[in-house]
Amino acid sequence: MPRMTVNDRPVEFDMDPDTPLLYALREAANLTGTKSCGGGSCVGACMVLVDGAALRSCLITIAEAEGRFITTIEGLSRDRSHPVQQAMVAEQAIQCGYCTPGIVIAAAALIQRNPAPSKQEIEAAIPNICRCGVYPRLIRAVERAGRVVRRQESISAAPAPGISSADAAENVPALRVGNGGLGAAAAPAPNPEETSPPEE
C-alpha cells in the first residue's frame, strides 16, 4: 500500500499501486479541488505539487508518488492567503473555476522558484488550458503575486472560507453590486414598501 504525505499528513492508500494519483486524491482522500480530466488531455486541471514541482496527477501513479510530499489546492493555503490565490481574485482571473486549482498550483510552483518571472517564463511554466480565456489576467495575476512575494505590494482580496455570502460581497470587489457577474447575487432584496405602487 503506497504511503506518502498529502497536505502535511501521512496517508496510506489501500488501492492498486497503478491507480493514478488523481483518483486516489479525489475518491479515497476526498480532495476534490484537484479536478478530474481525460488522462493528460486536460493540460493542467489536475495539477498538484509533488515535492514542490507542479505535476499532472492523472499521469502519476500512487506507486510513483510513494514517499513523496503532495500538496493539493486544499493544502496550499487553508485561509486562501497564498499570494497567487489573492492575486487571482484581485485580477478577476477566475471564470468558471474548473481550471483554476491547477493554474494556481502551477503558478505557486513558479513563484516559489522565481518570484520575478517574465511574461515568457509565466507562459512556459503555466501550460494550463483555460476555456474561458483568462490568459491576459492570469499573466497580470502571476506578476502581482510575485510582487507580493518580493514585498513590493500587499493584497487582501480573497476572504477566508466559511463566511457568509454577504460578508464575501463586502470583501471581494468582484462580488459587489454594480461590477457585473456575481454582484447581483449579493444584492439585498428590495423593500416591498419601496416598490409597491401607491394606494389610491
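Now for a look at the structure at hand. (Residues numbered from 1 in each chain as written. Predicted model: local features only at pLDDT ≥ 70, side-chain atom pairs only at ≥ 80, totals over all residues. Heavy atoms only, no water.)

Looking at the overall build of the protein
1) Next: Along the protein, the regular secondary structure elements total eight helices and five strands.
2) Next: Traced from its N-terminal end to its C-terminal end, the protein shows the element sequence β-β-α-β-β-β-α-α-α-α-α-α-α.
3) Next: Split into buried and exposed, the 200 residues of the protein put 40% on the buried side.
4) Next: If you sum the accessible surface of the protein, you get close to 11200 Å²; carbon and sulfur atoms cover 49% of it. (Helix = DSSP H or I, 4+ residues; strand = E, 2+ residues; numbered from the N terminus. Buried < 20%, exposed > 50% of the residue type's maximum accessible area, 1.4 Å probe, protein only. Areas by Shrake-Rupley, 256 points an atom, 1.4 Å probe, with all protein chains shown as cover.)

Some points on the packing of helix α4 (residues 100-113) against helix α6 (residues 135-149)
1) Next: In the contact formed by α4 and α6, the axes pass within 10 Å of each other and the chain directions differ by 40 degrees. Taken together, the axis directions place α4 and α6 in an arrangement best described as oblique. Read as a crossing pair, α4 and α6 show a hand that is right-handed. Contact residues: Ile-103, Ala-107, Leu-110 and Ile-111 in α4; Leu-138, Val-142, Ala-145, Gly-146 and Val-149 in α6.
2) Next: Tallied by class, the residues present in the contact of α4 with α6 amount to eight nonpolar, one polar and no charged. (Axes fitted to C-alpha atoms, helices over the stretch in contact; angles between N-to-C directions. Parallel < 35°, antiparallel > 145°, perpendicular 65-115°, else oblique. Left-handed = near helix turned anticlockwise from the far one by under 90°. Contact = heavy atoms within 4.5 Å. Nonpolar A, V, L, I, M, F, W, Y, C, P; charged D, E, K, R; others polar.)

Some points on the environment of Ile-73
1) Next: Topologically, Ile-73 is positioned in helix α2 (residues 73-76).
2) Next: A relative accessible area of 15% places Ile-73 in the buried class.
3) Next: Counting along the chain gives 27 residues from Ile-73 to Cys-46, while the straight-line C-alpha distance between them is 9.8 Å.
4) Next: Ignoring anything within four residues of it in the chain, the contact list for Ile-73 reads Gly-33, Thr-34, Gln-85, Pro-101, Val-104 and Ile-105.

Focus: the state of the cysteines
1) Next: All told, the structure shown has zero disulfides when counted by the stated rule.
2) Next: Of all cysteine sulfurs in the structure, the one in Cys-58 sits closest to Cys-46, which takes part in no disulfide; the separation is 3.5 Å.
3) Next: Looking at Cys-130, it has no disulfide partner, and the nearest cysteine sulfur is the one in Cys-99, 3.7 Å off. (Disulfide = S-S within 2.5 Å.)

A look at the nonpolar core
1) Next: Ranked by size, the top nonpolar core spans 33 residues in total, and within it Val-84, Met-88, Ile-103, Ile-126, Leu-138 and Val-142 carry the most contacts.
2) Next: Top element by residues in this core is α4. It accounts for nine residues.
3) Next: The contact partners of Ile-103, leaving out residues within four places of it in the chain, are Met-88, Ile-126, Asn-128, Cys-130 and Leu-138.
4) Next: Counting residues in each nonpolar core, the second largest holds 13 residues, with Met-4, Val-6, Ile-62 and Ala-65 among its members. (Core = buried A, V, L, I, M, F, W, Y, C linked by side-chain atoms within 4.5 Å.)

Structural notes on helix α3 (residues 83-90)
1) Next: Of all eight residues in α3, seven are buried, a share of seventy percent or more.
2) Next: For α3, the complete set of buried residues consists of Pro-83, Val-84, Gln-85, Gln-86, Ala-87, Met-88 and Val-89.
3) Next: Buried residues along α3 sit in contact with α2, α4 and α6.
4) Next: Remark: Gln-92 follows α3 within two positions and exhibits a positive phi of approximately 50 degrees.

What about the side chain of Gln-85?
1) Next: Counting through the fold element by element, Gln-85 comes out in helix α3.
2) Next: Residues within four places of Gln-85 in sequence aside, it is in contact with Ile-73, Leu-76, Ser-77, Arg-80 and Val-104.

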